[in-house]
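# Tertiary structure, described
This is what each chain is made of:
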Amino acid sequence: MSASSVAKCSSGFTARSGPLPRAVRVVSRAHGVFRKSTPLIEVQNFTVYIRNNVIFRKFNQRRRNIRDSGGEGYLSSCHYDPAHPEDLCPIFSIGYILNTSESDPEQRELMLAQGGMIEITVTWDCNFDRDPSQCLPQYQFLRLDSRDAQDYPGYNFRYAEYYREGSTDRRTLYKAYGLRFVIVVSGTAGKFNAVPLAMNIGSGLGLLGVVTVICDFIVLNVLQKRSFYRDKKFEDVHADDAYKPLDESGEHDGASYGAAVNSGKKSTSAE
């Protein structure tokens, strides 16, 4: 048994290699201009740096998903490897995120062209009976936007630039397609504590007694054959029947009872 704690977390992410290339549709209503650019395939080589800090106040423990020591240079060359989470390198390539969240290559290409939403879940599941350095984050990637959407697929947003040409006000409207990351962080931790263990054992023993009472009540009062069970569980004793010995079958032995009564009478008369 253990005491548990819920982590309070803070996180954020940045693109390390500059802004992500994206498809941009430019519409100028004043001139009727339409221009569309296509996304760059090289976007998959861009990297995202996710920094996360958690605190378990009950155990006075703080953890983060980067090393406490190791030099500032290790983040510039490392990439996340799911086979070695102990390396604590929270730098993910866009290609890795896309491949993990979407297995279909055609859908990945559509996400690059039409945009998409991806949930990045950071989970801390810690046992502080062990060394705190073994408390490591786990990452999961899930695509949120619908693959089968016919209208407004993917993810996009609009913004405008306003300017003035001479005495005329003009506007350039942009419709941008891109990848949006939603980061969800959760954490739980536990450590052995004798007090909860004793309380749980006591509660379990108490429940065993309650179960017996409940079962007897159901068998003796609810079931259709309750009279049969009542006769087997209880025996009514009247007057001299209390002194009758039972044989192996559970029946009263009449001969033994008579002998016992006679010997009792004789001993009484002898006195």
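Residues numbered from 1 in each chain as written. Predicted model: local features only at pLDDT ≥ 70, side-chain atom pairs only at ≥ 80, totals over all residues. Heavy atoms only, no water.

## What about the pairing of strand β6 (residues 61-64)?
Rules: Should DSSP find at least two bridges between two strands, the strands are taken to pair. Numbered from the N terminus, helices here are DSSP runs of H or I no shorter than four residues, and strands are runs of E no shorter than two.
In this structure, strand β5 (residues 47-56) lies alongside β6, joined through 4 bridges in antiparallel fashion. Each bridged residue has a counterpart across the sheet, and for Ile-55 the counterpart in β6 is Arg-62. Connecting β5 to the antiparallel partner β6 that follows it, the hairpin turn spans 4 residues, and Asn-60 within it adopts a positive phi of roughly 55°.

## Let's talk about the packing of aromatic side chains
Each aromatic ring pair is described using two quantities: the centre-to-centre distance and the angle formed by the ring planes. Heads up, the rule is: Aromatic rings from Phe, Tyr and Trp, taking only the six-membered ring of Trp, are treated as a pair when their centres fall within 6.5 Å; an angle between ring planes under 30 degrees marks them as stacked, one over 60 as edge-to-face, and anything in between as tilted. We call a residue buried when its accessible area falls under 20% of the maximum for its residue type, exposed when it is over 50%, and partly exposed in between, using a 1.4 Å probe and counting protein chains only.
Scanning the model with the defined rule gives 11 aromatic pairs in all. Ring geometry for Tyr-80 and Phe-92: centres 4.9 Å apart, planes at 40°, overall tilted. Highlighted residues: Tyr-80 in the loop between β6 and β7 (91-93) and Phe-92 in strand β7, separated in sequence by 12 residues. The pair formed by Tyr-80 and Phe-92 is uniform in burial state, with each residue classed as buried. Ring-pair connections join several aromatic residues into one group, and the members of that group are Tyr-80, Phe-92, Tyr-96, Tyr-139 and Phe-141.

## Regarding a nonpolar patch on the surface
This is how the line gets drawn: The patches reported here contain residues having more than 30% relative accessible area and no salt bridge. Joining distances are 9 Å for like charges and 5 Å for nonpolar side chains (Val, Leu, Ile, Met, Phe, Trp, Tyr). Methods summary: accessible areas were calculated by the Shrake-Rupley approach with a probe of 1.4 Å, and residue burial reflects only the protein chains presented. Think of a salt bridge as a Lys or Arg side-chain nitrogen and an Asp or Glu carboxyl oxygen that are within 4 Å of each other.
Taken together, the side chains of Val-210, Ile-214, Phe-217, Ile-218, Val-222, Leu-223, Phe-228 and Tyr-229 make up a nonpolar region of the molecular surface, amounting to roughly 720 Å² of accessible area. Of all elements in the fold, only α3 (194-221) and α4 (226-233) reach the threshold of two or more residues within the nonpolar patch. Assignment of secondary structure puts Leu-223 in the loop between α3 and α4. In this structure Leu-223 comes out as partly exposed when scored by relative accessible area, which is 35%.

## Re helix α1 (residues 94-101)
Test applied: Note that the arc is defined by the directions from the helix axis to the C-beta atoms. Note on contacts: a residue pair qualifies if any of its non-hydrogen atoms lie within 4.5 Å across the two residues.
Among all positions in α1, only Ile-94, Gly-95, Ile-97, Leu-98 and Ser-101 are buried. The buried residues of α1 occupy an angular sector of 165° when the element is viewed end-on, so they sit on one face. Residues of α1 that are buried make contact with β5, β7, α2 (105-114), β8 (116-127), β9 (137-143) and β12 (179-192).

## Structural notes on the environment of Cys-89
Relative to the helices and strands, Cys-89 resides in the loop between β6 and β7. Sequence-wise, Cys-89 and His-79 are 10 residues apart; in three dimensions their C-alpha atoms are separated by 6.0 Å. For Cys-89, the contacting residues outside a window of four places in its chain are Asn-65, Cys-78, His-79 and Tyr-80.

## Regarding the state of the cysteines
Short version of the rule: Here, the term disulfide refers to a pair of cysteine sulfur atoms separated by no more than 2.5 Å.
If you walk through the whole model with that rule in mind, you get 2 disulfides. Bridging Cys-78 to Cys-89, the disulfide has an S-S length of 1.9 Å. Residues Cys-78 and Cys-89 are joined through a disulfide that is right-handed, its torsion about the S-S bond being 90°. Taken as a pair, Cys-78 in the loop between β6 and β7 and Cys-89 in the loop between β6 and β7 lie far apart in primary sequence, 11 residues in all. Judged by relative accessible area, Cys-78 falls into the buried class, the value being 15%. At a sulfur-sulfur separation of 1.7 Å, the disulfide partner of Cys-126 is Cys-135. When sorted by exposure, Cys-126 lands in the same class as Cys-135, which is buried. Should the bonded cysteines of the chain be numbered as they appear in the sequence, the pairing reads 1-2, 3-4.

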